[in-house]
Amino acid sequence: MARIGVFVCWCGSNIAETVDVKEVAKYAGCLPGVVISIDNKYMCSDPGQRLILDAIQKEKLTGVVVAACSPRMHEVTYRRTVAQIGFNPYMLEMANLREHCSWVHPDKRMATEKAKDLVRLMVEKVKRNQPLYNVQIPVTKKALVIGGGIAGIQAALDIAQGGYEVILVEKSPSIGGHMAQLDETFPTLDCSQCILTPRMVEVAQNTRIRLYTYSEVEAVDGYIGNFQVTIRKKARSVDIKKCTGCGQCIQKCPTKTKSEFDAGMGIRKAIYVPFPQAVPNKPVIDRDICLKFTKDRCGACQKVCPTGAINYEQQDEFVTEDVGAIICATGYELTETHIYPEYGNDPDIISGLQFERLVSASGPTLGELKRPSDGNAPQSIVFLQCVGSRDPLAGRPYCSKICCMYTAKHTMLYRHKVHNGKAYVFYMDIRAGGKNYDEFVRRAIEEDHAIYIRGRVSRIYRKGEKLIVLGADTLLGAQVEIEADMIVLATATVAPKGIEKLAQMLGVSYDLHNFMCEAHPKLRPVETNSAGVYLAGACQAPKDIPESVAQAGAAASKVLGLFGQKELSREPIVAQVNQSTCAGCFTCKEVCAYKAIEIREIKDKKGNLIKFVAEVNKGKCQGCGACAATCRSNSIELCGFTDSQIFSQINHLTDGVTIEEPPGEVPMDAEETQGVSEETEKERLIEKPALAGQKVKN
Amino acid sequence: MMDDLKTRLKEMLTSGAIGMVIGYGQKEIYMADGSREYRTCPVFLSRDTEIDRLVWNRHCVQNLVTYLTKEEYKESGKIALMVKPCDLKAIHVLEQEKQIDRKRLFIIGLTCKGVMAEKMGIDEGHLAGKCIKCLDSSGKSSAVCTPDEADIVIETLPDGDMPPKGKDISSDLEGFEKMPSEKRWAFWQNQFLKCLRCYACRSACPMCYCEQCICDMSRPQWIDKSPHLKGNFLFHIVRAFHLTGRCVGCGECERVCPMGIPLMLINQKMIDTVKDLYGYESGKDPEQAPLLSQFKMDDDQSFIK
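Each value, and the rule that gives it
Residues numbered from 1 in each chain as written. Chains lettered and ligands numbered in written order. Predicted model: local features only at pLDDT ≥ 70, side-chain atom pairs only at ≥ 80, totals over all residues. Heavy atoms only, no water. Core = buried A, V, L, I, M, F, W, Y, C linked by side-chain atoms within 4.5 Å. Buried < 20%, exposed > 50% of the residue type's maximum accessible area, 1.4 Å probe, protein only. Helix = DSSP H or I, 4+ residues; strand = E, 2+ residues; numbered from the N terminus. Domains from an automatic or database assignment. Contact = heavy atoms within 4.5 Å. Salt bridge = Lys/Arg side-chain N within 4 Å of Asp/Glu carboxyl O. Pairing = 2+ DSSP bridges. Axes fitted to C-alpha atoms, helices over the stretch in contact; angles between N-to-C directions. Expected span 1.5 Å × (residues − 1). Arc of directions from axis to C-beta. Polar contact = N/O pair within 3.5 Å; in protein donor to acceptor, adjacent residues only side chain to side chain.

Student: I tried to follow the nonpolar core on my own but got confused; where do I start?
Tutor: In summary, soluble globular proteins display a tendency toward joint burial of nonpolar side chains. Core analysis: the biggest nonpolar cluster contains 60 residues, and B:Leu9, B:Val21, B:Leu54, B:Leu81, B:Met82, B:Ile91 and B:Ile108 have the highest contact counts within it. For this core, the elements supplying multiple residues, two or more each, are helix H1 (2-15), strand E1 (20-30), strand E2 (36-45), strand E3 (79-83), helix H2 (85-96), strand E4 (105-110), helix H3 (129-134) and strand E5 (152-154) of chain B. Here this core spans two domains, since at least three of its residues come from each of domain 1 (2-154) and domain 2 (169-293) of chain B. Those residues within four positions of B:Leu9 in sequence are excluded, and the remaining contacts are B:Ile18, B:Val21, B:Ile51, B:Leu54, B:Ala80, B:Phe106 and B:Ile108. With 46 residues, the next largest nonpolar core counts A:Val8, A:Val24, A:Val35 and A:Ala111 among its residues.

Okay, here's the thing in structure tokens:
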């Protein structure tokens, strides 16, 4: 027989103001099966929780209903509380009197009536609850980090430091990412490569990190603690074991193209190492332009290679790795420079990243600032911020975040190269929140004399040697016209093309702009809705280096936390198949987004196959219920939300109108209701409040 | 052609290559007035001496695919089955839903030019409703059993002229849809009031293969079991939903209904809706994913509000 305790919370005035909590508690006390009903100002407080524990022990409760806030809020609290004294936590349910009632209804009388309904339904549900036990799943203590930029590098190093193996996958020939392309970094102006390359070398030297460069994640299978990842190692055409990195092949290669690393400002060969400090420092052949592959001639690299490392026959290789956690650190891209037609497509209009390469000592001009059209040092540069970002019409209403700071940095770098040059900045707002950030911008304006103009640019056109910039100075309320030698656009930061495919593979949701979504914007910023998959860096939203590094560390700590556990324990709200009625149509298997349905053979004692049925892999199941909804013979149920629980709730919602229960479905307090005709049952339910007071203990 | 088939089936039965033939055969029926008549009905033959009873004529209206999922025939070894082109679609759906093992099946593909509506007292002597859409003016079926799908194809058409067309389900549906909603409601109330809950529709349906039908469940009891309007409505609505994207329109449910409830009106509507919305035809291809477990990015979503 059910012995249910109901605990009604005031939530201060949050619930009590709109719901007569005393009346609700009285009413609940008269419900069949309820043996104690108490109200308290804050049920989640220590004394409140003690009330529940005491009641469970004194009244020998079989089920508990806490009528308070949303279960999203405190269900975990209460379940943990009751678990302390050995009470099965899944015999406790919450009736949501706050979000579903007091906060949304103005009328106290009606809200109180609804609160009674909510409590009554939950009491009916709890009567049919079954004790559930957490699902234990093993963990493969090896992590996969996707993306070898600063975020990926940091995450990989931190996990390796924690003592676990890491697989780092990078799609380009070298790790380093965008940070390797930068000249100096704000707000300290320290050399980007000088602080990055030691980290890159550390990755290469760390025995716990296995590096897959020029590789991509092809498929992801499995679930938290037990992922199977297929990695495509693209054919490098160079045997990385034989290659010594001498570079003779690069010297002899006759085919040239624009260098991606130099953002198109410099050139590279068809066989190339992206930059001198690349890790691994082994070349790769670009098969799209190499003459051997396009026209089947040349072969110079193979002829000069002293170790015979060049292998034109190499094929893409697929490797499968078992990992327990995945960190996605796939970074960002910049939009094209000619996204606004009114700005034209002049060679002297470049992006911020191209500017970085032009001023970098390792860049195509060896650090001498030359404008692309004629190679002269520009005497004046106009920097335009928010090109493509904060622009709803261009489809990107968001702020690219890093441009305010790097533009200020660019003006400084420029003035340090061309001492009497003039740097103009068109800005919408200066967003310099961050440690020493605003000071940095002030320094650009006050010490390096950058001229900041608040306004947008309407048009750019060429007039002889010069580019004419027409814009508005909204602070002066005047139109301005500036003659410039070069223009640098702070183009929008966007998610890499095609990244949604990876997101779909990982089961991570992404926003309108294809940035990946965190599980909660404030409280779970590095987790995703896909358990065991974490985010680091600009794949989530535009981020600068300090933020990316911090998030990478946070993601790594989540992974270390996961790996620190012997086994994973997860809540048992999973689907369950009644294999005796399962017809084996496997529609459930088709609809399962988590690939949690497996095929099981049912055999007789002699080992003859009787039939195939569906079976739920509890590790993979996320409890979404799609299978339960799709099963025609109702052979699948969701633990904690079984048909009989939901069915009795629906039945009791009609409040005594007709409660038809089949014999098997008589609640545990059957003695009370047995023999009661439909008519008297109806009366009894309606009259309940009048009986109030008899059973109420508070 | 039939003779060749019979010889072959006899051989296969004797050699044990097949365990049973499910086909159409003649059966002597005692009528109420004491007279005897020969009727065409499904026959289940497991001895070679019985094979001569097989016929292929205008009265072979039943969809024999239904029997494949029945418990009784699961132990019969390989089954040779007489299949009209339209019935082949049901085989495809069952294959899609992993209910039959094609290797356990020897398909005798029939070439059809329409069968007669064999409903008790109604429409007898007319072409079955399901054939009207399938046949063109010259009496050629648009559906054919190809040698790819059938293990043997019988190319002889049954004798006799084309029977006159009976009622056309499409025009029925059109007329029905023109009725105002109150009238349609009243129509179905009248129809479902008749339902005896004999579940003949369920038994005849090739898609109703669940070991335990949701209608028989008692914990919890989703659907009232007694034959009154409330439970009857629910039963038929649940059946319609369970057949969405699966019904191949064989019309067996309507044919076997002793109360003459026009069930194909519901099924045809669902078939049309599914085709209009998703371009999906059930049973077209055993390889296609079941309708309700797939989605395309360009699926119609206008009904989501």
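Right, picking up where we left off after that structure.
Student: Sorry, what's going on with the pattern of salt bridges here?
Tutor: A side chain with one charge may pair with a side chain of the opposite charge, provided their charged atoms come close. Under the criterion given, the structure shown has 51 salt bridges over all chains. Ionic pairing is found between A:Lys497 and A:Glu333, a salt bridge with its closest N-O pair at 3.7 Å. Here A:Lys497 is found in the loop between strand E28 (493-494) and helix H14 (499-506), whereas its partner A:Glu333 is found in strand E19 (residues 333-334), with 164 residues between them in sequence. The salt bridge partner of B:Asp151 is B:Arg102, with a shortest N-O separation of 3.5 Å.

Student: Whenever I open this one, the sheet that holds strand E29 (residues 533-535) of chain A confuses me. Can you help?
Tutor: Pairing between the strands of a sheet is mediated by backbone hydrogen bonds and can be parallel or antiparallel. Residues and elements named next belong to chain A. The five strands are arranged E10-E7-E6-E18-E29 in an open sheet whose pairing can be described as parallel. What marks the edges here is a single partner per strand, and that holds for strand E10 (209-212) and E29. In this sheet, adjacent strand axes meet at a mean angle of 20° when their direction is disregarded. Direction of pairing for strand E6 (residues 142-146) relative to strand E18 (residues 325-328): parallel, over a ladder of four bridges. Bridged to valine 145 within E18 is isoleucine 327.

Student: Just to check I follow, could you spell out the pairing of strand E25 (residues 466-473) of chain A for this structure?
Tutor: Side-chain direction in a regular strand flips from residue to residue, so the side chains alternate between the two faces of the sheet. Residues and elements named next belong to chain A. Bridge count for strand E24 (residues 457-463) against E25 is six bridges, and the pairing is antiparallel. For valine 457, the partnering residue across the bridge sits in E25 and is glycine 471. Between E24 and E25, which pair antiparallel one after the other, the connecting turn spans two residues, and glycine 464 there sits at a positive phi close to 65°. Where E25 and strand E26 (residues 478-484) come together, seven bridges link them in antiparallel fashion. Opposite valine 469, over in E26, you have isoleucine 482 as the bridge partner. The hairpin formed by E25 and E26 contains four residues between the paired strands, and glycine 477 there has a positive phi angle of roughly 70°.

Student: Would you take a moment to explain helix H15 (residues 545-563) of chain A for this structure?
Tutor: The periodicity of an α-helix, 3.6 residues per turn, causes residues three or four places apart in sequence to face the same way. All names here are of chain A. The terminal C-alpha atoms of H15, which comprises 19 residues, lie 27 Å apart, in line with the 27 Å expected from a rise of 1.5 Å per residue. Residues of H15 that are buried: Ser548, Gln551, Ala552, Ala555, Ala556, Val559, Leu562 and Phe563. The buried residues of H15 occupy an angular sector of 140° when the element is viewed end-on, so they sit on one face. Packed against the buried residues of H15 are E6, helix H6 (150-161), E18, E29 and strand E30 (567-570). The residue sitting at the N-terminus of H15 and contributing the capping side-chain oxygen is aspartate 544; that oxygen lies 3.2 Å from the backbone nitrogen of glutamate 547.

Any functional reading would require information beyond the geometric quantities listed.
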